[in-house]
Amino acid sequence: MDDRMLRRRVYGADHEDPDPGPRSGHTYGELVGGPLDGLLLDITGWSAPQLAEEARLPTEIGRYGAGGRAHYRRRTGDPGHWDWTGDSR
């Protein structure tokens, strides 16, 4: 992991965690666009079918507020990035 990634916050990390960044030995994708832009998604251990599916991530800061989900899909040709495709309830 490069220095920039080590300073990043991982999606789902506790807000009070003194070290909310990536962990050694894990694999991450960067969320691009939408309400979770810039966060890292821990995809460690995900199967090929899971990686091919859209990730529907619970968030309170999306279009629908509490109970909403932000949708991200792995970028074709650049699997380290996950692009925002919209929000849902």
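Refer to the structure above for everything that follows.
These numbers come from a predicted model, not from an experiment.

Quick notes on the rules
Residues numbered from 1 in each chain as written. Predicted model: local features only at pLDDT ≥ 70, side-chain atom pairs only at ≥ 80, totals over all residues. Heavy atoms only, no water. Helix = DSSP H or I, 4+ residues; strand = E, 2+ residues; numbered from the N terminus. Rg over C-alpha atoms; globule rule 2.2 N^0.38 Å. Buried < 20%, exposed > 50% of the residue type's maximum accessible area, 1.4 Å probe, protein only. Contact = heavy atoms within 4.5 Å. Pairing = 2+ DSSP bridges. Phe/Tyr/Trp six-rings, centres within 6.5 Å; stacked < 30°, edge-to-face > 60°. Axes fitted to C-alpha atoms, helices over the stretch in contact; angles between N-to-C directions.

Draft legend 1. Highlighting the overall build of the chain. Helix and strand counts for the chain stand at two helices and five strands. Secondary structure elements of the chain, listed N to C terminal, follow the sequence α-β-β-α-β-β-β. Taken against the 2.2 N^0.38 rule, which gives 12 Å for 89 residues, the C-alpha radius of gyration of the chain at 13 Å falls within 12% of a compact globule. Dimensions along the principal axes, computed over C-alpha positions, put the chain at roughly 35 × 35 × 20 Å. Within the span of the chain, comprising 89 residues, buried residues form 29% of the whole. Summarising the internal contacts of the chain: among those between residues at least 6 apart in sequence, 35% fall at separations of at least 24.

Draft legend 2. Examining the pairing of strand β4 (residues 68-75) more closely. As judged from the five bridges shared by strand β3 (residues 55-59) and β4, these two strands associate in the antiparallel manner. Bridge pairing links Pro58 to Arg69 in β4. Strand direction decides the pairing type here: β4 and strand β5 (residues 78-88), joined by seven bridges, are antiparallel. Bridging from a neighbouring strand, Arg69 pairs with Ser88 of β5. Here β4 folds back onto β5 in antiparallel fashion, the turn holding two residues, of which Gly77 has a positive phi close to 85 degrees.

Draft legend 3. Focus on the packing of aromatic side chains. Within this structure, the stated rule accounts for one aromatic pair. The interplanar angle of 85 degrees and the centroid separation of 5.7 Å between the aromatic rings of Trp46 and Trp82 together place this pair among those described as edge-to-face. Remark: Trp82 occurs in strand β5 and Trp46 occurs in the loop between β2 (40-42) and α2 (48-52); sequence separation between them is 36 residues. With relative accessibility at 0%, the residue Trp82 sits in the buried group.

Draft legend 4. Region of the structure containing the sheet that holds β5. Read across the open sheet, the five strands follow the order β2-β1-β5-β4-β3; overall the sheet is mixed. At either end of the open sheet lies a strand with only one pairing partner, and these are β2 and β3. Put simply, the sheet's adjacent strands are angled 35 degrees from each other on average, direction ignored.

Draft legend 5. Up close: the pairing of β5. By the bridge criterion, three bridges tie strand β1 (residues 28-32) to β5 in an arrangement that is parallel. Bridge pairing links Leu31 to Trp82 in β5.

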